[in-house]
Amino acid sequence: MSRSAPEILEFLRSSGARRVQRVCLKANKSTIWSLTQQGTVLNLHVAFAGAPRRLLRYFVVIANQAHRPDAEYHRAMARVAAWPPLDREIRRIRQEARRLARPARRDLGVGPCCATPAQRVYLRKLFDYLNRTRFGSRLPRTIPLRLSNRMRTSLGQMVPGLREGRPVVVELALNVDLMLPGNGPARLDTLLHEMAHAADYLFHGQTGHGHSWKGWARRAGCVPEACSATPIRRRRRRDSTVTRVPPLPLGARLRIAA
Ligand SMILES: [Zn+2]
């Protein structure tokens, strides 16, 4: 059984909580309830959506007596705070928050790579070249690179992680479709996009497409948007392999010869 905020409001008002005009349910990590806007808004922890009426009635006392706390008010406060499901829900919300604040720590492994040895060499050379020419060689040369044949809609990803409390890039992955002929501009743009994420995470601790990421993206010369609108060529069947090694940019090739 779960009640919506308006249902709780209706119940409280019909039980005598005249001042309350709005109930908000909140997934808080510690606050279990609060009265705001001169006692007209009752913010309840979302756990109370599943509370029985006998427990909700304590909020009638709380709402009515908050401006003049008496013994009954303190008893009501103690009762709602001691309701066991509240504690369980708060613990669950805290756990979830901790998990989200810990990017990729649970999995510091690199995903499955479908690149051929020649494609691996290509990726590494392209990365080194772009690192040198677009990022002032500030990115670690040891960042794992891979090709993925499992990505459906995304073209690439940067996986952030922590090792001994320090930010590390777990991997940069590109969709293997980017190796197909005709995808050259998208391939370059995607790799620069993910490298900008790597720089933004390593030097600013950020993972989104915010201000600092856009700065890196602009300096590197890729489209400073969350996702590019350009359609790319796709392999005909998802289980077909792509072994093509595209030509490297001239600068990257010269470096190899040197
Ligand atoms: Zn992105």
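Only a predicted model underlies this, so the values are computations on that prediction, with no experimental measurement involved.

Attention now goes to the overall build of the protein. What the protein contains, in helices and strands, is eight helices and six strands. Along the protein, helices and strands appear, N-terminal first, in the series α-β-β-β-α-α-α-α-β-β-β-α-α-α. Relative to its length of 258 residues, the protein is extended, with a C-alpha radius of gyration of 27 Å against a globular reference of 18 Å. The principal-axis extent of the C-alpha atoms belonging to the protein is close to 85 × 40 × 30 Å. Within the protein, the proportion of its 258 residues that are buried is 41%. Within the protein, contacts between residues at least 6 apart in sequence are counted, and of these 59% link residues at least 24 apart. Total accessible area on the protein is roughly 14800 Å²; 51% of this is exposed by carbon and sulfur atoms. The averaged location of the 17 negative side-chain charges in the protein is 3 Å from the averaged location of its 47 positive side-chain charges.

What follows covers the pattern of salt bridges. One pass over the full model with this rule turns up seven salt bridges. Residue Arg 91 is joined to Asp 87 by a salt bridge in which the shortest nitrogen-to-oxygen separation is 2.5 Å. Separated by four residues within a single helix, Arg 91 and Asp 87 lie in helix α4 (residues 84–100), roughly one turn from each other. Put simply, Asp 128 and Arg 141 hold a salt bridge, and the shortest N to O gap is 2.8 Å. Here Asp 128, found in helix α5 (residues 117–134), pairs with Arg 141, found in the loop between α5 and β4 (145–148); they are 13 residues apart in sequence, far enough to count as distant.

Time to look at the sheet that holds strand β6 (residues 166–175). Pairing is mixed across the open sheet formed by three strands, whose spatial order is β4-β6-β5. The two strands at the open ends of the sheet, each matched to only one other strand, are β4 and β5 (156–163). Geometrically, the sheet is characterised by an average inter-axis angle of 30° between neighbouring strands, direction not taken into account. By the bridge criterion, four bridges tie β4 to β6 in an arrangement that is parallel. If you follow Leu 147 over to β6, its bridge partner there is Leu 174. Packing against the sheet, helix α6 (residues 184–204) makes contact with β5 and β6, and its axis sits at approximately 170° to β6.

Attention now moves to the pairing of β6. Most of β6 sits inside the fold, with eight of its ten residues counted as buried. In the sheet, β5 pairs with β6 via eight bridges, with the strands oriented antiparallel. Within β6, the residue paired with Gly 156 across the bridge is Leu 174. Between β5 and β6, which pair antiparallel and follow one another directly, the connecting turn spans two residues, one of which, Glu 164, has a positive phi of 50°.

Glancing now at the domain arrangement of the protein. Segmentation of the protein into domains returns domain 1 (5–100) and domain 2 (117–257). Of note, the centres of domain 1 and domain 2, computed from C-alpha atoms alone, are 49 Å apart.

Turning next to unusual backbone geometry. The phi dihedral of Ser 137 is positive, around 60°, even though this residue is not glycine. Assignment of secondary structure puts Ser 137 in the loop between α5 and β4. Backbone geometry at Glu 164 places phi at a positive 50°, although glycine is not the residue there. Turning to its location among the elements, Glu 164 is positioned in the loop between β5 and β6.

Our next topic: the environment of Pro 224. Structurally, Pro 224 can be placed in the loop between α7 (211–220) and α8 (250–257). Each C-alpha atom of the pair Pro 224 and Leu 174 lies 18 Å from the other, and the pair is 50 residues apart in sequence. Leave out the neighbours within four places in its chain, and Pro 224 touches Trp 213, Lys 214, Ala 217 and Arg 218.

The tally for this structure, following the rule as stated, stands at four aromatic pairs. Taking the centre distance of 4.9 Å and the plane angle of 75° together, the rings of Phe 48 and Phe 59 count as edge-to-face. Here Phe 48, found in the loop between β3 (41–45) and α2 (53–65), pairs with Phe 59, found in helix α2; they are eleven residues apart in sequence, far enough to count as distant. Each member of the pair, Phe 48 as well as Phe 59, carries the same accessibility label: buried. Among the aromatic residues, those joined into a ring-pair cluster are Phe 48, Phe 59 and Trp 83.

Conventions adopted
- Residues numbered from 1 in each chain as written.
- Predicted model: local features only at pLDDT ≥ 70, side-chain atom pairs only at ≥ 80, totals over all residues.
- Heavy atoms only, no water.
- Helix = DSSP H or I, 4+ residues; strand = E, 2+ residues; numbered from the N terminus.
- Rg over C-alpha atoms; globule rule 2.2 N^0.38 Å.
- Buried < 20%, exposed > 50% of the residue type's maximum accessible area, 1.4 Å probe, protein only.
- Contact = heavy atoms within 4.5 Å.
- Areas by Shrake-Rupley, 256 points an atom, 1.4 Å probe, with all protein chains shown as cover.
- Lys, Arg positive; Asp, Glu negative; His and termini not counted.
- Charge placed at Lys NZ, Arg CZ, Asp CG, Glu CD.
- Salt bridge = Lys/Arg side-chain N within 4 Å of Asp/Glu carboxyl O.
- Pairing = 2+ DSSP bridges.
- Axes fitted to C-alpha atoms, helices over the stretch in contact; angles between N-to-C directions.
- Domains from an automatic or database assignment.
- Phe/Tyr/Trp six-rings, centres within 6.5 Å; stacked < 30°, edge-to-face > 60°.

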